[in-house]
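Analysis of the macromolecular model
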Amino acid sequence: ICMRTTISSPLETLAHHAVVMLGTIYVLAVDRPLAYVWCGGMFLTEASTPFVNQRWFMAIRHRHQKRYKATGLVMTVAFVIVRPLGIPAFLSVVGVLGCGTLYVLNVYWTFLIIGGLFRALNADRYTKKKQPVQQAATPAPREDVQATT
């Protein structure tokens, strides 16, 4: 069995999804058009999630392949477009303020992702070249030991 740890614990993940679910139920219960638009815009930020998940799965066995780096590049571009660039653009159109925590968190993640992308793309430059393995010389027979026949 192959297990991979994440930054967040299962309890944090459960809490995150519970809060999102309760927020969505509230928006549906309020029945205001602007609330629907806001909720839809926030769900658009999840457009980068398939790329994040694909990169996570590839990290187990394909970390040193070009397609892993390509997936990381696509993930970074998608994340930057829909999160730190998309959220302020959406909120300015909708006219909703007060989502600073969400925005700051996404900007923080963006810096982490871009830093990881640079490390992944430059990994070949900084890895040490492996030295060829030298064969151990066979010991010469000792002169002080006489062969018995």
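Residues numbered from 1 in each chain as written. Predicted model: local features only at pLDDT ≥ 70, side-chain atom pairs only at ≥ 80, totals over all residues. Heavy atoms only, no water.

A short note on the overall build of the protein chain
Looking only at helices and strands, the protein chain has 7 helices and 0 strands in total. In the protein chain, the order of α-helices and β-strands from amino to carboxyl end is α-α-α-α-α-α-α. A burial count over the protein chain gives 22% of its 149 residues as buried. Considering only contacts in the protein chain between residues 6 or more positions apart, those separated by 24 or more positions represent 62%. Accessible surface for the protein chain amounts to roughly 12,300 Å². Of this, 67% is attributable to carbon and sulfur atoms. (Helix = DSSP H or I, 4+ residues; strand = E, 2+ residues; numbered from the N terminus. Buried < 20%, exposed > 50% of the residue type's maximum accessible area, 1.4 Å probe, protein only. Contact = heavy atoms within 4.5 Å. Areas by Shrake-Rupley, 256 points an atom, 1.4 Å probe, with all protein chains shown as cover.)

Some words on the confidence of the model for the protein chain
Across the protein chain, the average pLDDT comes to 76, with 71% of residues at or above 70. Here helix 7 (residues 123–126) is the element of the protein chain with the lowest mean pLDDT, 70, and helix 4 (residues 66–82) is the one with the highest, 90. (pLDDT = per-residue confidence, 0-100.)

Re the environment of E46
Mapped onto the secondary structure, E46 falls in the loop between helix 2 (33–44) and helix 3 (49–61). E46 sits in the partly exposed class, given a relative accessible area of 38%. Separated by 2.6 Å, the side chains of E46 and T49 make a polar contact. (Polar contact = N/O pair within 3.5 Å; in protein donor to acceptor, adjacent residues only side chain to side chain.)

Quick notes on the side chain of T76
If you trace the backbone, T76 turns up in helix 4. Among the polar contacts made by the side chain of T76, one reaches the main-chain carbonyl oxygen of G72 at a distance of 2.8 Å. In this structure, T76 is in contact with I113, I114 and L117, ignoring residues within four places of it in sequence.

With respect to the side chain of T24
Its place among the elements puts T24 in helix 1 (residues 10–30). For T24, a relative accessible area of 19% puts it in the buried group. Not counting chain neighbours up to four residues away, the residues in contact with T24 comprise C39 and F43.

Focus on a nonpolar patch on the surface
Taken together, the side chains of L73, V77, I81 and L85 define a hydrophobic patch exposed on the protein surface, amounting to about 370 Å² of accessible area. Assignment of secondary structure puts V77 in helix 4. (Patch = residues over 30% accessible without salt bridge, like charges linked within 9 Å, V, L, I, M, F, W, Y side chains within 5 Å. Salt bridge = Lys/Arg side-chain N within 4 Å of Asp/Glu carboxyl O.)

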